[in-house]
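# What the coordinates show
Letter by letter, the chains look like this.
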Amino acid sequence: MQLIRVLRVTACAAISALSVCQAVLGDDFKRPKPAAIALACGGCHGTYGQGMGSIPAIRGIPESEFIRAMQDFQSSSRSATVMDRIARGYQHQDFVGLARFFRNR
Ligand code: HEC
């Protein structure tokens, strides 16, 4: 399916961008702030997490529910087309920050 292919390429681009940053910045690399990470989410979910086409909205979700969703994607206990791979690129502290960020969009 075309959509799945587009999602896969976008997810790969988002994940690669983070690894390139880490490689370039080396020891000076600090975990990016939630607003910066959210830029990688906006390509699919919309700048404000409002959702785009068949991609669900992620703004306004209660924080605990958002964090649980990300943990479930990360552990593959929730089936996904791309979010399982995306979630594996982040740490728990990122989920907390992103949950707060998108809660207030
Ligand atoms: C390549 C496109 C893409 C990117 C980039 C992306 N997502 Fe998603 N997201 C999806 C899709 C598609 C789903 C539906 C689950 C699936 O099929 O993977 C989803 C589902 C979700 C859900 C569950 C929403 C619900 O209603 O249950 C959350 C939370 C979420 N994404 C957060 C994020 C965060 C945070 C980021 C950035 C770190 C992000 N996503 C980046 C495509 C994307």
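Residues numbered from 1 in each chain as written. Predicted model: local features only at pLDDT ≥ 70, side-chain atom pairs only at ≥ 80, totals over all residues.

Going by what an unreviewed UniProt entry lists, the protein is known as Cytochrome c class I and is assigned to Methylocaldum marinum.

### Some details on the overall build of the protein
Helix and strand counts for the protein stand at 5 helices and 0 strands. Secondary structure elements of the protein, listed N to C terminal, follow the sequence α-α-α-α-α. Expressed as a percentage of its 105 residues, the buried residues of the protein come to 20%. When contacts within the protein are restricted to residue pairs at least 6 apart in sequence, those whose partners lie at least 24 apart make up 61%. (Helix = DSSP H or I, 4+ residues; strand = E, 2+ residues; numbered from the N terminus. Buried ≥ 20, exposed ≤ 12 C-beta atoms within 10 Å, placed from the backbone. Contact = placed C-beta atoms within 7 Å.)

### Description of the nonpolar core
Residues M70, A87, F95, L98, A99 and F102 are the most contacted members of the largest nonpolar core, which totals 13 residues. Only α3 (63–74), α4 (83–87) and α5 (92–103) provide two or more residues apiece to this core. With 5 residues, α5 is the largest single contributor of residues to this core. In contact with F95, not counting residues within four places along its chain, are I67, M70, Q71 and Y90. (Core = buried A, V, L, I, M, F, W, Y, C linked by C-beta atoms within 7 Å.)

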